[in-house]
Amino acid sequence: MGKAYDHRTVEAKWQAYWGEQGTFRVMEDPARPKFYCLDMFPYPSGSGLHVGHLEGYTATDIVSRYKRMRGFNVLHPMGWDAFGLPAEQYAVKTGIHPTMTTAENIATFRRQMKRAGLSYDWEREISTTDPSYYRWTQWIFLKLFERGLAYVAEVPVNWCPELGTVLANEEIVDGRSEVGGFEVIRKPMRQWVLKITAYADRLLEDLKLVDWPASTLEMQKNWIGRSLGAEVEFPLIGVKGNIRIFTTRADTLFGATYMVLAPEHPLVDVVTVRERRAEVLAYRETTARKSDLQRQDLEKEKTGVFTGGYAVNPVNNERLPIWIADYVLMTYGTGAIMAVPAHDQRDWEFARTYSLPIREVIAGGNVAKEAFVEIDQGTVVNSTTSDGSFSINGLNPTEAIPKITEWLEATRKGRRAVTYKLRDWLFARQRYWGEPFPIVWVDGEPRPLPEEQLPLKLPETNNFKPSGTGESPLANLTAWVNTTDPATGKPARRETNTMPQWAGSCWYYLRFIDPKNGRQLVDPAKERYWMPVDLYIGGSEHAVLHLLYARFWHKVLYDIGVASTPEPFTKLVHQGTVLGEDNQKMSKSRGNVVNPDEMMDQFGVDAVRLYEMFMGPLEAMKPWSTRGVEGITRFLDRVWRLMVNEGGGLSRAVIEAEPSLEQRRLLHQTIKKVTEDLEELRFNTAIAQMMVFTNEMTKLEKRPRALLEPFVLLLSPFAPHIAEELWERLGKAPSVAKELWPQYDPALVASERLTIPIQVNGKLRSKIEVPADSSEEQVVRLARQDAKLAEWLQGKQPRKVIYVEKRLVNFVL
RNA sequence: GCCGGUGUGGCGGAACUGGCAUACGCAGCGGACUUAAAAUCCGCUCCCCGUAAGGGGUUGAGGGUUCAAAUCCCUCCACCGGCACCA
């Protein structure tokens with residue numbers, strides 16, 4: 001056996017031990033408090049685990065090991081979000097079935113995770129691609145369908161010709177596909193849509209119940225985009241009907257000078273006069289063909305066409321021309337607006353372009369130069385009904401808004417209304433590698449499959465190419481597609497879309513609780529024991545989508561009694577991005593990707609785990625440094641040498657004698673610091689304190705066991721392999737994982753002498769040593785007697801003496 | 001443009017509730033051990049003046065509150081993340 005710590009042997013030994021002993025198996029135990037510690041499960045890509053994954057996984061692993069030692073029953077599972085585009089694209093290219101590549105990639109990930117010493121209960125491993133798992137994803141879809149939360153709509157979708165598929169809004173970045181960066185255009189298509197908007201209010205409201213990063217809460221709030229205002233009816237002139245508009249600025253109703261419909265608005269056909277029809281149709285066509293990128297280009301000049309139609313402003317009976325323009329979106333509010341160019345930036349620009357009148361109704365700006373949009377300043381003017389029965393003149397906009405809204409309700413011209421930016425969730429993908437919908441089409445109607453027929457398995461094929469018509473590759477499999485309606489026996493056609501990747505990750509945390517249950521999604525008693533997730537760690541790229549969709553499904557499951565808590569994830573933390581050594585984002589093209597396997601080969605698993613946590617605060621973005629890993633390796637070698645001699649035996653420096661008071665103080669301070677830092681996920685400072693302890697121990701010729709043993713336990717969640725080995729060499733029975741976390745004695749945390757800094761006029765001038773229990777008078781008296789201080793005081797009587805208990809004295813001259 | 005966050009040595013970062021700024025690690029310098037090197041151990045290392053004792057300055061910039069500010073307030077700058085015609 002070599003002199004130094006041999007990480008390979010030790011790691012293999014203890015990983016085998018944990019596996020054989022089932023150290024991290026977990027069952028419900030009503031006698032113990034539970035702790036559910038969850039990682040965002042990965043998509044098992046072909047390139048394996050990277051150091052960024054490992055950062056979050058190490059953090060939850062340390063917390064899990066720590067909580068176990070604190071007596072918690074810890075659920076710490078791992079699985080695979082394995083449906084998705086890359087495996088399918090690979091299949092298109094190579095003909096290799098996604099099942100094959102997925103299985104290989106999962107094997108790689110699992111091996112790497114086991115190697116990293118992550119203490120998952122592997123008996124609970126799940127994959128979203130497993131029929132016994134997606135059976136329940138399909139089951140949840142049936143529940144959504146039953147409750148009217150899943151419906152089919154002919155909607156303009158984001159069609160990507162290059163990928164041959166439709167994309168969700170979230171998969172589009174700057175108007176191009178997130179995958180590949182291809183062009184995306186609008187195209188109407190029959191789609192499955194989930195009515196997440198029905199839950200908008202609860203999704204917003206219940207953000208109060210969770211302990212999440214402020215930025216994530218903010219992003220979800222903005223995404224839901226609740227906005228309080230009024231709907232107002234504008235009767236059409238010459239034809240029957242009203243234009244219903246939504247506004248947050250009812251106080252500016254008297255300033256409306258024209259109306260705008262979204263080009264797709266159904267009333268466009270009604271209001272357009274014959275002479276204008278050709279022009280209107282042409283504009284509509286152009287808009288329909290525009291991609292979102294073109295349509296959202298803020299730089300471009302606003303465009304629109306006059307329809308020839310008119311509506312009446314209900315507050316003053318004025319005749320307003322009706323335009324169509326693509327700056328009004330069909331998907332927000334009512335798809336129609338009243339335009340108040342004096343007090344809305346967009347309307348102002350449009351009015352300028354088309355020489356429409358600009359009428360000021362809020363005094364306080366210069367509307368000839370720019371729109372005046374403030375609501376907390378300015379005064380309402382020119383806002384009295386023609387018969388003089390109602391006026392908001394003289395008010396400030398914030399006061400005027402509720403007043404006129406009430407009046408609109410009383411006179412039945414409009415009503416208070418709330419709208420959301422959140423849209424219903426486009427839930428279908430034209431792909432092979434996803435969950436098939438448990439739906440058949442009969443006489444043009446969607447029919448659910450009975451629950452007993454789940455799972456509806458993905459059919460076998462070796463042709464993964466998109467059909468090109470916009471349908472998924474499943475559409476080519478006629479034997480599968482053509483079936484009979486289980487209810488009536490009539491000929492039926494299967495739904496050929498598959499679900500998006502988000503589906504499987506919406507509820508996986510529930511399945512970990514009861515992963516093998518063949519009768520239920522999750523056993524209710526187990527669900528009540530384990531839920532909610534106490535700590536959830538994953539990347540901030542999921543701040544909106546995954547976390548909003550999962551909350552939505554969770555609330556539906558709550559409503560049907562499957563889940564017992566209104567929210568799934570109590571505390572959420574995002575680990576920061578790990579950059580390359582060059583401070584740049586890691587990427588193959590830059591050649592700065594750090595491979596965790598190589599690092600673990602060279603420095604050992606514990607060194608890599610420790611370094612991942614020592615780099616800096618968990619949430620911060622920070623660069624990798626291989627030198628830093630070396631530094632950690634030196635630390636672990638020092639810890640090893642505290643107890644193990646050059647021959648590999650227990651060092652003679654380890655003694656049975658009682659430690660000194662000072663030594664016990666250091667130990668107890670260390671226990672306190674490490675414990676508190678772990679509770680707050682401040683792993684970097686916890687490690688720094690263990691280094692301080694180790695540095696002090698190294699200086700000692702004799703190292704009492706009573707100091708070393710608790711220290712090994714403190715180290716064990718961070719560096720479990722070396723800790724197990726040292727524990728054994730200290731003559732203890734394995735495993736450290738079964739030991740109790742050391743407690744600190746508060747009496748030993750404070751030392752009996754304190755160094756008190758002495759300031760004169762707030763500047764540090766001297767320091768004195770005092771007994772810890774000194775009174776204010778004693779400390780101040782000692783301070784005055786201090787020789788250095790005398791120079792500064794020069795016999796003068798200070799105006800004021802500030803004493804902060806156990807902290808400092810400040811003489812103000 | 002709007003919203004959120006961050007800014008501390010050569011580098012990664014510490015600093016409780018407003019109370020000794022720069023813990024811990026990296027890099028660097030010096031010493032011990034060694035025939036030598038590596039490894040290890042010990043020490044030094046924010047900047048300026050000074051041989052030293054000592055003094056002055058410093059937490060992106062500027063101002064303010066306070067006996068006392070990295071920490072609180074105002075203005076500005078830079079960077080990161082998000083949203084972006086949402087009526």
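The written sequence of each chain sets the order in which its residues are numbered from 1. A letter from A marks each chain and a number from 1 marks each ligand, given out in the order of writing. Where local features are concerned, this predicted model is filtered to residues with pLDDT of at least 70; where side-chain atom pairs are given and counted, the filter is 80 or more; whole-chain, interface and lining totals use all residues. Excluding hydrogens and water, the side-chain values take into account all heavy atoms of the structure.

## What to know about the overall build of chain A
No. 1: What counts as a helix is a DSSP run of H or I of at least four residues, what counts as a strand is a run of E of at least two, and both are numbered from the N terminus. Of the regular secondary structure elements, chain A holds 27 helices and 33 strands.
No. 2: Here the C-alpha coordinates of chain A stretch approximately 100 × 85 × 50 Å along the principal axes.
No. 3: For every residue, the accessible area obtained with a 1.4 Å probe (protein chains only) is divided by the maximum for its type, and the residue is called buried under 20%, exposed over 50%, and partly exposed between those limits. The burial tally for chain A puts 54% of its 813 residues in the buried class.
No. 4: In chain A, the share of contacts with a sequence separation of at least 24, taken over all contacts with a separation of at least 6, comes to 71%.
No. 5: Positive charges are assigned to Lys and Arg, negative charges to Asp and Glu, while His and the chain termini are left out of the count. Charged side chains are reduced to one point each, which is NZ for Lys, CZ for Arg, CG for Asp and CD for Glu. Where the 102 positive side-chain charges of chain A centre and where its 104 negative ones centre are 1 Å apart. Here, two residues are considered to be in contact whenever any of their heavy atoms come within 4.5 Å of each other.

## Description of the protein's contact with RNA strand B
No. 1: The full set close to RNA strand B counts 52 residues, and Thr248, Lys302, Tyr332, Arg346 and Met691 are the nearest of them.
No. 2: Atoms of RNA strand B within 4 Å of the protein: sugar and phosphate make up 62%, bases the balance.
No. 3: The separation between a sugar or linking oxygen of RNA strand B and a polar side-chain atom of Thr247 is 3.2 Å.
No. 4: Counting residues per element, the ones that place at least two in the surface near RNA strand B are helix 7 (214-224), strand 11 (242-247), helix 20 (626-643), helix 22 (683-699), strand 30 (753-760), strand 31 (763-771), strand 32 (800-804) and strand 33 (808-812).
No. 5: Of the residues forming the surface near RNA strand B, the biggest block, seven residues, is contributed by helix 22.
No. 6: The classification used treats Ala, Val, Leu, Ile, Met, Phe, Trp, Tyr, Cys and Pro as nonpolar, Asp, Glu, Lys and Arg as charged, and all other residues, Gly among them, as polar. Here the residues of the surface near RNA strand B sort into 22 nonpolar, twelve polar and 18 charged. Throughout, the term near means that a residue has one or more heavy atoms lying within 4 Å of the molecule or strand in question. For the purposes of these results, a polar contact is taken to be a pair of N or O atoms within 3.5 Å, where, inside protein, one atom must be able to donate a hydrogen and its partner to accept one; residues adjacent in sequence count only when each atom of the pair is a side-chain atom.

## A word on the packing of aromatic side chains
Both the distance between ring centres and the angle between the ring planes are used here to describe each pair of aromatic rings.
No. 1: In summary, the pairing rule links any two rings of Phe, Tyr or Trp, Trp by its six-membered ring, whose centres are within 6.5 Å, and it sorts them by plane angle into stacked for under 30 degrees, edge-to-face for over 60 and tilted for everything else. Applying the stated criterion to the full structure yields 46 aromatic pairs.
No. 2: When the centroid spacing of 5.6 Å and the interplanar angle of 75° are considered together, the rings of Tyr508 and Phe512 count as edge-to-face. The exposure classification of Tyr508 matches that of Phe512, with both residues buried.
No. 3: Ring-pair connections join several aromatic residues into one group, and the members of that group are Phe141, Phe145, Trp192, Tyr199, Trp425, Phe427, Phe437, Trp441, Trp502, Tyr549, Phe552 and Trp553.
No. 4: Directly above the aromatic system of Trp18 lies the positively charged group of Arg65, at a separation of 4.7 Å from the ring centroid. Look at NZ for Lys and CZ for Arg. If either is within 6 Å of the ring centre and within 35 degrees of the ring normal, a charge sits over the ring.

## Structural notes on the sheet that holds strand 31
No. 1: Here four strands make up an open sheet; going across it, the order is 31-30-33-32 and the pairing mixed. Whereas interior strands pair on both sides, the edge strands pair on one side only; in this sheet they are strand 31 and strand 32. Averaged over all pairs of adjacent strands, the angle between their axes in this sheet comes to 20°, without regard to strand direction. A pair of strands is labelled paired if DSSP reports no fewer than 2 bridges between them. Angles shown run from 0 to 180 degrees and are taken between the N-to-C directions of axes, each axis being a line fitted to C-alpha atoms and, for helices, limited to the stretch in contact.

## Focus: the side chain of Asp485
No. 1: Assignment of secondary structure puts Asp485 in the loop between strand 22 (482-484) and strand 23 (491-494).
No. 2: At a separation of 2.8 Å, a polar atom in the side chain of Asp485 contacts the side chain of Arg447.
No. 3: Ignoring sequence-local partners within four residues, the contact set of Asp485 consists of Val440, Val442, Arg447, Lys490 and Ala492.

## Looking at the domain arrangement of chain A
No. 1: By convention here, the domain bounds are inherited from an automatic or database domain assignment. Examined at the domain level, chain A breaks down into domain 1 (140-195 + 424-494), domain 2 (227-419) and domain 3 (752-812).
No. 2: Placing the centre of domain 1 and that of domain 3 at their C-alpha centroids yields a distance of 76 Å.

## A closer look at unusual backbone geometry
No. 1: Note the cis peptide between Leu454 and Pro455, where omega equals 0°.
No. 2: With respect to the helices and strands, the residue Pro455 is situated in the loop between strand 21 (445-448) and helix 13 (478-481).
No. 3: Following Met531, the chain continues into Pro532 via a peptide bond in cis, with omega recorded as -5°.
No. 4: With respect to the helices and strands, the residue Pro532 is situated in the loop between helix 16 (524-530) and strand 24 (533-537).
No. 5: Its identity is not glycine, yet Asn317 carries a phi of approximately 60°, on the positive side.

## With respect to the side chain of Ser505
No. 1: For Ser505, the location among the structural elements is in helix 14 (residues 502-505).
No. 2: A distance of 3.0 Å separates the side chain of Ser505 from the backbone oxygen of Trp502, its partner in a polar contact.
No. 3: Setting aside residues no more than four positions away along its own chain, Ser505 makes contact with Phe41, Asp81, His546 and Ala550.

## Quick look at helix 4 (residues 98-115)
No. 1: To estimate how far a helix should reach, multiply one less than its number of residues by 1.5 Å. Spanning 18 residues, helix 4 covers 25 Å between terminal C-alpha atoms, matching the ideal 26 Å at 1.5 Å per step.
No. 2: Residues of helix 4 that are buried: Pro98, Thr101, Thr102, Asn105, Ile106, Phe109, Gln112, Met113 and Arg115.
No. 3: Where helix 4 ends, the next residue or the one after it, Gly117, has phi of about 70°, a positive value.

## Considerations on the pairing of strand 9 (residues 185-194)
No. 1: Summarising the sheet, strand 5 (residues 150-160) and strand 9 pair through ten bridges and their orientation is antiparallel. Opposite Asn158, over in strand 9, you have Arg186 as the bridge partner.
No. 2: Note: strand 9 against strand 19 (residues 425-426), two bridges, orientation antiparallel. Within strand 19, the position partnered with Val193 by the bridge is Leu426.

## Thoughts on the pattern of salt bridges
No. 1: Every case where a carboxyl oxygen of Asp or Glu lies within 4 Å of a side-chain nitrogen of Lys or Arg is listed as a salt bridge. The final tally for this structure, using the stated rule, is 48 salt bridges.
No. 2: Among the salt bridges present, the one from Lys673 reaches Asp677, with a minimum N-O distance of 3.3 Å. Residue Lys673 and its partner Asp677 are located together in helix 21 (residues 661-679), separated by four residues, close to a single helical turn.

## Comments concerning the packing of helix 5 (residues 131-146) against helix 17 (residues 545-559)
No. 1: Remark: helix 5 packs on helix 17, axes separated minimally by 11 Å, with the N-to-C direction vectors making an angle of 70°. By the criterion of interaxial angle, the relationship of helix 5 to helix 17 is roughly perpendicular. Across the interface between the two elements, Thr137, Trp139, Ile140 and Leu144 of helix 5 pack against Phe552, Trp553, Val556 and Leu557 of helix 17.
No. 2: When its residues are assigned to classes, the contact of helix 5 with helix 17 shows seven nonpolar, one polar and no charged. Oblique is the label for any angle not under 35 degrees, not over 145, and not in the 65 to 115 range, which are roughly parallel, roughly antiparallel and roughly perpendicular in turn.

## Concerning the environment of Leu474
No. 1: Structurally, Leu474 can be placed in the loop between strand 21 and helix 13.
No. 2: With relative accessibility at 0%, the residue Leu474 sits in the buried group.
No. 3: Every residue in contact with Leu474, bar those within four places of it in the chain, is listed here: Tyr432, Leu458, Pro459, Trp480, Val481, Thr496 and Thr498.

## So, the sheet that holds strand 15 (residues 336-339)
No. 1: The sheet built from four strands is open, its strands ordered 13-14-12-15 with mixed pairing. A strand with exactly one partner marks an edge of an open sheet, and here the two such strands are strand 13 (304-312) and strand 15. Recorded for the sheet is a direction-independent mean angle of 30° between the axes of neighbouring strands.
No. 2: Two strands pair when backbone bridges link them, and strand 13 and strand 14 (residues 319-325) are joined in this way by six bridges, in the antiparallel orientation. Its bridge partner lying in strand 14, Phe306 is registered against Trp323.
No. 3: In the packing of helix 9 (residues 277-289) onto the sheet, contacts are made with strand 13 and strand 14, and the angle to strand 13 comes to roughly 120°.

## Describing the packing of helix 4 against helix 18 (residues 596-603)
No. 1: Closest axis-to-axis distance for the helix 4/helix 18 pair is 11 Å, and the angle between their directions is 30°. By the angle between their axes, helix 4 is roughly parallel relative to helix 18. Like other packed secondary-structure pairs, helix 4 and helix 18 cross with a definite hand, here left-handed. Across from Arg111, Gln112 and Arg115 in helix 4, the residues of helix 18 making contact are Asp597, Met600 and Asp601. Helix crossings fall into two classes, left-handed where the near helix is turned counterclockwise from the far one by less than a right angle and right-handed where it is turned clockwise.

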